[in-house]
Amino acid sequence: MSARLGLAAVLLSIGQSTQALEHLTEMLRLDLDDNLDARYLMLGTLVNEGLDDAALSLLDAYSDEESAIWYYTKAFVLFRRDIIHRKAERALKRAAATNPYVPNFLLGRQPVPKRIPEEVGFGDRNEAINYAVKCAYLWQELPGALDWLRKTVDQEG
């Protein structure tokens with residue numbers, strides 16, 4: 001399984017996302033508990049490829065996941081695909097309740113440190129930094145996403 005995960009990562013690095021997703025899908029079928037955390041690589045790939053329905057299915061399949069990457073990515077995907085944004089707004093509010101530090105890094109209110117923390121805990125500042133490093137580009141590239149994030153979190157604050 002480790003070799004297969006490595007192969008999926010290599011395939012992604014050379015632009016073979018379809019083949020990488022095939023391996024990741026099979027890994028998750030063989031290991032429902034996902035002991036190697038292949039779901040994270042798969043989620044990132046699905047989001048990068050614009051496969052929002054598949055990303056939402058994966059997010060739902062691991063709905064007990066409590067990480068910032070899971071909650072904020074769900075909010076992002078719902079925003080990207082939902083014109084009305086009600087579901088996205090609920091998802092973002094849940095994400096912000098789980099880790100309130102993330103928006104400050106995504107919105108540039110706090111700079112991302114040059115040195116990325118080695119230890120990450122659920123709901124802590126280090127988790128927020130980790131998420132921002134990995135996913136800020138998604139929010140920056142999607143028109144209106146950062147404005148929506150700012151408006152939604154400022155409303156709650």
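As a reminder, the structure under discussion sits directly above these lines.
This write-up is about the structure you can find in this document. (Residues numbered from 1 in each chain as written. Predicted model: local features only at pLDDT ≥ 70, side-chain atom pairs only at ≥ 80, totals over all residues. Heavy atoms only, no water.)

## A look at the pattern of salt bridges
All told, the structure shown has ten salt bridges when counted by the stated rule. The residue Arg 29 makes a salt bridge to Glu 26 at a minimum N-O spacing of 2.6 Å. Remark: Glu 26 and Arg 29 occur in helix 2 (residues 17-30); sequence separation between them is three residues, near one turn of the helix. By relative accessible area, Arg 29 is classed as exposed at 53%. Looking at Glu 26, the relative accessible area reads 22%, which means it is partly exposed. Of the charged contacts in the structure, one is a salt bridge between Arg 39 and Asp 34, with a shortest N-O distance of 2.8 Å. Several salt bridges share partner residues, and in doing so they unite Asp 34, Asp 37, Arg 39 and Glu 65 into one network. (Salt bridge = Lys/Arg side-chain N within 4 Å of Asp/Glu carboxyl O. Helix = DSSP H or I, 4+ residues; strand = E, 2+ residues; numbered from the N terminus. Buried < 20%, exposed > 50% of the residue type's maximum accessible area, 1.4 Å probe, protein only.)

## Side note on the nonpolar core
Ranked by size, the top nonpolar core spans 49 residues in total, and within it Leu 58, Tyr 72, Leu 106, Tyr 131 and Trp 139 carry the most contacts. Residue contributions to this core peak at ten residues, all from helix 5 (residues 68-81). Once residues within four sequence positions are removed from consideration, Tyr 72 is found in contact with Leu 92, Ala 95, Ala 96, Asn 99, Pro 100, Val 102, Pro 103, Tyr 131 and Trp 139. (Core = buried A, V, L, I, M, F, W, Y, C linked by side-chain atoms within 4.5 Å. Contact = heavy atoms within 4.5 Å.)

## Remarks on the side chain of Glu 127
With respect to the helices and strands, Glu 127 occurs in helix 8 (residues 125-141). For Glu 127, which is buried and forms no salt bridge, the nearest opposite charge comes from Lys 134, at a distance of 9.8 Å. A distance of 2.6 Å separates the side chain of Glu 127 from the backbone nitrogen of Gly 123, its partner in a polar contact. If we ignore the near neighbours within four places in the chain, the residues touching Glu 127 are Ser 67, Ala 68, Asn 99, Val 120, Gly 121 and Phe 122. (Lys, Arg positive; Asp, Glu negative; His and termini not counted. Polar contact = N/O pair within 3.5 Å; in protein donor to acceptor, adjacent residues only side chain to side chain.)

## Digging into unusual backbone geometry
Phi angles above zero are rare outside glycine, and Asp 34 is one such case at about 55°. Asp 34 gets classed as buried once you look at its relative accessible area, which sits at 3%. Of note in this structure, Asp 37 is not a glycine but carries a positive phi near 60°. Checked against the element boundaries, Asp 37 lands in the loop between helix 2 and helix 3 (38-48).

Keep in mind that these numbers describe shape and distance, not what the molecule does.
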